[in-house]
Every structure is written in structure tokens, then in C-alpha cells.
Amino acid sequence: MDSISSVQDPSLRQIVVVGGGAGGLELATRLGNTVGKRGRAQVTLVDRRRAHLWKPKLHEIAAGSMDIASHELDYLAQSHWHHFRYKIGEMSGVDRDKQEVKVSAFIDDEGALVTPNRTIRYDTLVMAVGSQSNDFGTPGVNEFAMKLETPEHATRFNRRLVNALVRAHAQTEPLRPEQLQVAIIGAGATGVELAAELHRTTRQVIAYGLDRIDPEKDLKLNLIEAAPRVLPALPERLSQATDALLAQLGVQVHVNARVAEVMSNGVKLSDGRVIPAELIVWAAGVKAPDFLKEMSGLETNRINQLVVLPTLQTTRDPKIFAIGDCAACPWPEKKGFVPPRAQAAHQEASHMLGQINRIMAGRPLTPYRYRDFGSLVSLGEYSTVGNLMGGLIGGSLMIEGYFARMMYVSLYKMHELALHGPVKVTLETIARMLTRRTEPHVKLH
Ligand SMILES: Cc1cc2nc3c(=O)[nH]c(=O)nc-3n(C[C@H](O)[C@H](O)[C@H](O)COP(=O)(O)OP(=O)(O)OC[C@H]3O[C@@H](n4cnc5c(N)ncnc54)[C@H](O)[C@@H]3O)c2cc1C
């Protein structure tokens with residue numbers, strides 16, 4: 001499951017990018033199109049999956065409003081078209097003395113070995129392994145809650161959701177208290193977007209003929225948040241607008257609600273209340289992958305992110321860089337760190353491309369400055385709310401509705417442009433618009 005040119009050429013600079021997500025795949029593609037194509041360096045991408053999907057689309061797959069097949073991008077094909085090498089497997093560590101990345105054996109779904117344990121040499125290593133949700137050690141999360149970190153998680157959630165609806169429709173006895181009750185833990189952008197999307201798609205699935213379910217009476221969406229308001233990381237005005245929309249949709253919002261335990265049939269809060277639920281999603285908190293913690297003596301913070309200098313170099317090894325969610329990158333204006341967002345991963349990938357060109361030209365590296373363009377939260381087809389910040393308008397402006405929706409869509413378009421270029425993106429956008437009418441509105445995975 002590797003690209004054809006599997007041998008490293010010792011005469012060429014070896015640039016290794018680990019993680020083909022929002023940041024890493026853009027970087028590998030753009031490096032391949034430039035230094036890789038011109039034979040000035042060999043660019044290698046390592047990812048544990050075979051295909052890329054832009055993570056902000058996961059809630060749409062979970063809710064059934066997006067077809068995974070039309071948005072997933074195969075790494076092997078991308079590497080062929082964009083002149084980089086692709087190695088499948090999970091990175092387990094790094095040997096900094098030998099400048100080698102350690103990659104574990106890749107075993108397929110049926111237990112067969114595809115690629116063995118191996119090492120990949122680097123001159124420049126860019127870590128872009130993203131983040132995962134942080135359950136803060138809450139009992140029951142691993143056993144009873146679903147997460148939304150990978151396409152497999154999202155597909156599994158969708159399957160369970162549809163099965164729950166079909167089961168409820170088919171059964172003759174009354175519904176149990178937890179049946180058709182959904183609990184989403186974490187009212188950040190992921191939780192809010194999922195709640196709005198689920199409200200719409202569950203009604204569409206029911207309309208396919210599951211007429212023994214009354215969505216207004218039988219189905220309940222609970223959004224549980226430990227902070228005093230939804231979207232706690234965003235400006236208060238955004239929370240208020242979102243709260244009003246969720247109330248209109250009948251989503252039950254529980255704020256100041258700390259989860260003490262997740263159980264098989266509901267969520268227990270620290271004040272003793274129990275919220276019955278059949279489908280429980282954990283969408284609170286983020287941390288970088290555990291294997292980064294003290295990896296080969298590199299500096300990490302309390303959520304496992306690699307601490308980097310403004311040049312994006314890790315603090316203890318100038319040959320190792322980190323971008324995206326797995327990097328703790330200073331944000332001096334806010335006296336904090338760049339937030340884990342797709343727009344940050346996109347910007348850092350662009351800056352990293354420049355850094356590699358500077359390294360190859362023997363020029364000094366330049367510091368990265370995060371430009372905050374604001375935040376946008378999609379409430380499905382109901383609305384999009386957001387604020388535009390600093391870099392874009394020189395202040396902060398609250399936006400909502402069609403314009404906000406366009407801005408939200410443009411984030412994904414920027415990612416697609418970095419991966420495919422303008423011609424393909426334009427043609428694909430037209431094709432999607434034309435086929436939308438003939439496709440079913442909800443995907444049942
Ligand atoms: C449901 C959801 C909705 C979101 N919505 C938004 C949004 O609306 N706006 C926004 O700005 N941000 C959003 N985000 C956050 C955004 O997705 C991330 O900030 C962004 O994807 C980070 O990019 P990245 O390149 O750092 O990592 P990722 O995109 O997560 O990519 C990491 C890659 O590394 C690979 N990988 C991980 N570990 C290893 C390993 N050990 N070895 C090999 N490969 C590995 C993974 O397979 C993956 O391909 C959302 C996130 C989620 C989960």
C-alpha cells in the first residue's frame with residue numbers, strides 16, 4: 001500500500017511529513033508539486049489510513065448528510081499525481097540520532113500483514129498528526145460513548161442511528177426511556193453542528209417510511225456542556241444566536257453540566273441528574289496523540305502537543321517541525337497558543353512550505369504569525385453563524401445566514417484548491433451541483 005518509488009534516494013534531501021490531514025496533505029501535495037516534481041528533494045507522506053477526509057466534514061457523515069465516497073481522497077493516487085511518496089502505517093516514535101521515523105507494521109481488517117515495521121530516514125521531519133478528543137479520564141466514555149475522530153467513527157455512529165430508528169419503528173412495545181434519545185457531550189463547534197445536522201437528517205430518514213415514529217414526541221437531542229454557555233471558546237454573541245436557534249429546533253441544552261460518568265443507557269452528571277440516552281457522543285476537549293508525550297525527549301505540553309518556536313521548529317530539535325493540532329505554537333497577540341482549527345493547519349502548511357524552500361536555499365527561517373479570520377459554525381441547512389476577525393476586516397463582526405454559509409464553504413474550498421488546483425475544483429463543484437438533485441438527501445451508511 002505504498003507509492004511505487006519506495007526506495008529513498010540518498011543523494012536527495014529527504015522531507016518526511018507524518019499525518020495527511022488538513023495541514024499535512026496540503027503540505028505534502030504542494031511540496032511534491034514543487035521540489036518533488038523538479039527532483040530537488042524526495043517528499044514522503046506517512047499516514048495510518050489509506051484515504052484522507054477533511055475532519056470538519058465528519059459530523060455530516062455521522063448525521064448522514066454527506067456521502068463519504070465523494071469526498072475521500074486516496075493517498076496513493078494523490079501521491080502519484082503530485083510527485084510525493086506515500087507510506088502507510090502508524091508512526092510510533094523517532095530516533096533523533098539516526099534521523100529516522102519509526103513506523104509500525106500495517107495490518108489489514110482481516111489480520112493480514114500488509115507492510116512490516118520499518119524506518120524512514122529524514123533530513124527535515126514535519127509532524128502533522130492532529131489531535132483526538134480528550135475524555136479527561138471520565139468513567140464509561142471508552143465503553144459507552146462514541147467519538148467523532150475518524151471516518152470510521154462517523155460511519156459507525158450513522159449506522160447505529162439508523163438502526164435505532166428502524167428498531168423503534170419495528171417494535172410493538174412502548175419505547176424504553178433511553179430509546180431515540182441522543183446525548184452529545186461538549187457544546188463546542190462539533191457538538192453544536194452535529195445537533196443541528198441530526199435534527200434535520202433524522203426527520204428525513206423518518207420520512208422514508210418510518211411513520212410509527214413521531215420525531216417531535218419520540219426523538220430528543222441533548223447537548224451537554226460543562227461551561228455556562230454553548231460555544232464557550234467563541235464570543236458570547238455567537239453563543240446567544242446559536243442558543244436561540246437550538247431552542248427553535250427543540251434541542252435540549254444543558255449548560256453548567258459536568259459529566260461524572262457515561263453509562264450504557266445514559267449520562268450521569270456530577271449533580272446526580274441522569275440524562276437517559278441510547279446514542280452518546282463524546283465531543284469535548286482535544287489532546288494530541290499519546291505517543292508524542294516525551295517522544296525522544298522532545299518538549300510537549302500537558303495535552304501532548306509538541307511545543308514549537310515561532311519558526312514551527314520543535315524547541316529541542318531544529319530538524320523536527322510540527323504544524324496543525326499537534327503543535328503548541330505561540331500566539332503572542334493573545335498571550336496563548338494558536339487554536340486547533342482547520343484554518344490554522346492550512347496557514348501553517350503554507351508557512352512550512354516557505355520554510356522548506358528557505359532551508360533548501362540556505363536562507364534564515366521566518367516566524368509564523370497566526371491570522372485569525374474568525375470562527376464559523378454551521379447549523380446545517382438552518383443557518384451558519386460566525387464572526388469575522390482582525391485580519392479580514394480590522395475588527396470583529398458578527399455574521400449569520402447566507403454570507404456566513406458562503407464563508408464556511410470557502411474554508412473547504414481552500415483546502416480542495418491546495419490539493420487539486422483550480423481547474424479540477426471548479427469542474428467537481430459544477431458536477432456536484434448538477435448531481436445534487438438526483439441524489440438521495442440522506443446517506444444511510
Ligand atoms: C467533527 C469535527 C468538526 C470540526 N469542525 C471544524 C470547523 O468547522 N472549523 C475548523 O477550523 N476546524 C474544525 N475542526 C478541527 C479541524 O478538523 C482540525 O483543527 C484540523 O483537521 C487539524 O488539522 P491537522 O492537519 O493538524 O490534523 P488532522 O486533520 O486531524 O490530520 C491528522 C492526520 O494524521 C494521521 N495520523 C494521526 N496519528 C498518526 C500516526 N501516529 N501515524 C501516522 N498518521 C497519523 C491521521 O490519520 C490524519 O490523517 C473539526 C474537527 C472535528 C473532529
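Bear in mind that the values here come from a model prediction, so they are computed numbers and not experimental data.

Enquirer: I tried to follow the overall build of the chain on my own but got confused; where do I start?
Expert: What the chain contains, in helices and strands, is 12 helices and 30 strands. Taking 22 Å as the expected radius of gyration for a compact globule of 445 residues, we find that the chain reaches 23 Å, a close match to that expectation. In terms of overall dimensions, the chain has a C-alpha envelope of 70 × 50 × 45 Å along the principal axes. For the chain, long-range pairs separated by at least 24 residues make up 64% of all intrachain contacts whose partners lie at least 6 apart in sequence. Per element, the accessible surface of the chain, about 20400 Å² overall, is 53% carbon and sulfur.

Enquirer: How should I be thinking about the sheet that holds strand β16 (residues 252–254) in this particular structure?
Expert: Within a sheet, adjacent strands bond to each other through the backbone by hydrogen bonds, running parallel or antiparallel. In spatial order, the strands read β13-β20-β14-β15-β16; together these five strands make up an open sheet with parallel pairing. What marks the edges here is a single partner per strand, and that holds for β13 (146–147) and β16.

Enquirer: Would you take a moment to explain the site of the ligand for this structure?
Expert: Around the ligand sit 32 residues, and of these Gly-23, Asp-47, Met-91, Asp-325 and Ala-342 come closest. Met-91 has a polar backbone atom sitting 2.9 Å from a nitrogen atom of the ligand. One nitrogen or oxygen atom from the main chain of Ala-342 is found 2.8 Å from an oxygen atom belonging to the ligand. Protein contact buries 91% of the 1000 Å² of open area that the ligand shows by itself. Sort the elements by how many residues they give to the shell around the ligand and helix α9 (residues 342–360) lands first, with three residues. By residue class, the composition of the shell around the ligand is 14 nonpolar, 10 polar and eight charged.

Enquirer: Honestly, helix α1 (residues 24–36) in this entry has me stumped. Any pointers?
Expert: Working note: α-helix, 3.6 residues per turn, so residues spaced by three or four point in the same direction. With 13 residues, α1 should cover 18 Å at 1.5 Å per step; its first-to-last C-alpha distance of 15 Å lies more than 12% under that length. Among the 13 residues that make up α1, 10 are buried, leaving the element largely enclosed by the rest of the structure. Of all the positions in α1, only Gly-24, Leu-25, Glu-26, Leu-27, Ala-28, Thr-29, Leu-31, Gly-32, Val-35 and Gly-36 are classed as buried.

Enquirer: Looking at this structure, I do not really get the packing of aromatic side chains. What am I missing?
Expert: Given two aromatic rings, their pairing is described by the distance between the two centres and the angle made by the two planes. Enumeration over the complete set of coordinates arrives at three aromatic pairs. When the ring of Trp-331 is compared with that of Tyr-370, the centres are 4.9 Å apart and the planes differ by 85 degrees; the resulting orientation is edge-to-face. Within this pair, whereas Trp-331 is found in strand β26 (residues 330–331), its partner Tyr-370 is found in the loop between α9 and β28 (375–379), the two being separated by 39 residues in sequence. Note on accessibility: Trp-331 and Tyr-370 belong to one class, buried.

Enquirer: Whenever I open this one, the side chain of Glu-225 confuses me. Can you help?
Expert: You can see Glu-225 is positioned in the loop between β15 (220–224) and α8 (236–249). Within the buried core, Glu-225 has no salt-bridge partner, and the shortest N-O distance to an opposite charge, that of Arg-258, equals 7.8 Å. In terms of polar contacts, Glu-225 uses its side chain to reach the backbone amide nitrogen of Ala-187, at 2.7 Å. In this structure, Glu-225 is in contact with Gly-186, Ala-187, Gly-188, Pro-232, His-254, Val-255, Asn-256 and Ala-257, ignoring residues within four places of it in sequence.

Enquirer: Any chance you could explain the nonpolar core here in plain terms?
Expert: Proteins that are soluble and globular tend to have nonpolar side chains buried together. Residues Leu-27, Leu-31, Leu-125 and Met-127 are the most contacted members of the largest nonpolar core, which totals 53 residues. If near-sequence neighbours (up to four positions away) are discounted, Leu-31 is found in contact with Ile-15, Val-17, Gly-36, Val-43, Leu-353 and Ile-356. In this structure, Phe-157, Val-192, Leu-198 and Val-205 belong to the second largest nonpolar core, which totals 43 residues.

Enquirer: I'm lost on the packing of helix α5 (residues 151–170) against helix α6 (residues 189–207) in this one. Help?
Expert: Packed helices, taken two at a time, are described by the angle their axes make and the gap between the axes. Interhelical geometry of α5 versus α6 gives an angle of 50 degrees and a closest axis separation of 11 Å. If you check the angle between α5 and α6, you find them oblique. Crossing hand, α5 versus α6: right-handed. On α6, the residues touching Phe-157, Leu-161 and Leu-165 of α5 are Leu-198, Thr-202, Val-205 and Ile-206.

Enquirer: Teacher, can you tell me more about the packing of α1 against α9 here?
Expert: Running from N to C, α1 and α9 cross one another at 35 degrees; their axes reach a closest spacing of 9 Å. The chirality of how α1 crosses α9 is right-handed. Together, Glu-26, Leu-27, Arg-30, Leu-31, Thr-34 and Val-35 of α1 and His-346, Ala-349, Ser-350, Met-352, Leu-353, Ile-356, Asn-357 and Met-360 of α9 make up the contact between the two elements. Counted by class, the contact of α1 with α9 contains eight nonpolar, four polar and two charged residues.

Enquirer: How do you make sense of the pairing of β15 when you look at a structure like this?
Expert: Counting buried residues in β15 gives four out of five residues, a clear majority hidden from the surface. The pairing of strand β14 (residues 181–185) with β15 spans five bridges and is parallel. When the bridges of β15 are listed, Ile-184 appears paired with Leu-223. Pairing of β15 with β16 involves three bridges; the strand directions are parallel. Bridge pairing in β16 places Leu-223 opposite Val-253.

Enquirer: In this structure, what is going on with the sheet that holds strand β24 (residues 317–322)? I would like to understand it.
Expert: With mixed pairing, six strands are arranged side by side in an open sheet as β5-β2-β1-β11-β24-β23. Lying at the two open borders of the sheet, with one neighbouring strand each, are β5 (85–88) and β23 (313–314). Two elements, strand β11 (residues 124–127) and β24, share three bridges in a ladder whose sense is parallel. Within β24, the residue paired with Val-126 across the bridge is Phe-321. The sheet contacts of α1 involve β1 (13–18), β2 (41–47) and β11, and relative to β2 the element is tilted by about 160 degrees. Contacts between α9 and the sheet are confined to β1, β2, β11 and β24, with β1 contributing the most and set at about 160 degrees to the helix.

Enquirer: Which parts of the structure should I look at to understand the pattern of salt bridges?
Expert: For side chains bearing opposite charge, pairing can occur when the charged atoms are close. Per the stated rule, a full pass over the model turns up 16 salt bridges. Notably, a salt bridge pairs Glu-278 with Arg-167, separated by 3.1 Å at the nearest N-O pair. Residue Glu-278 is located in the loop between β19 (274–276) and β20 (279–282), and its partner Arg-167 is located in helix α5; the two are separated by 111 residues in the primary sequence. Under the relative-accessibility criterion, Arg-167 is labelled partly exposed at 43%.

Thresholds, definitions, all that
Residues numbered from 1 in each chain as written. Predicted model: local features only at pLDDT ≥ 70, side-chain atom pairs only at ≥ 80, totals over all residues. Heavy atoms only, no water. Helix = DSSP H or I, 4+ residues; strand = E, 2+ residues; numbered from the N terminus. Rg over C-alpha atoms; globule rule 2.2 N^0.38 Å. Contact = heavy atoms within 4.5 Å. Areas by Shrake-Rupley, 256 points an atom, 1.4 Å probe, with all protein chains shown as cover. Pairing = 2+ DSSP bridges. Near = heavy atom within 4 Å. Polar contact = N/O pair within 3.5 Å; in protein donor to acceptor, adjacent residues only side chain to side chain. Nonpolar A, V, L, I, M, F, W, Y, C, P; charged D, E, K, R; others polar. Expected span 1.5 Å × (residues − 1). Buried < 20%, exposed > 50% of the residue type's maximum accessible area, 1.4 Å probe, protein only. Phe/Tyr/Trp six-rings, centres within 6.5 Å; stacked < 30°, edge-to-face > 60°. Lys, Arg positive; Asp, Glu negative; His and termini not counted. Salt bridge = Lys/Arg side-chain N within 4 Å of Asp/Glu carboxyl O. Core = buried A, V, L, I, M, F, W, Y, C linked by side-chain atoms within 4.5 Å. Axes fitted to C-alpha atoms, helices over the stretch in contact; angles between N-to-C directions. Parallel < 35°, antiparallel > 145°, perpendicular 65-115°, else oblique. Left-handed = near helix turned anticlockwise from the far one by under 90°.

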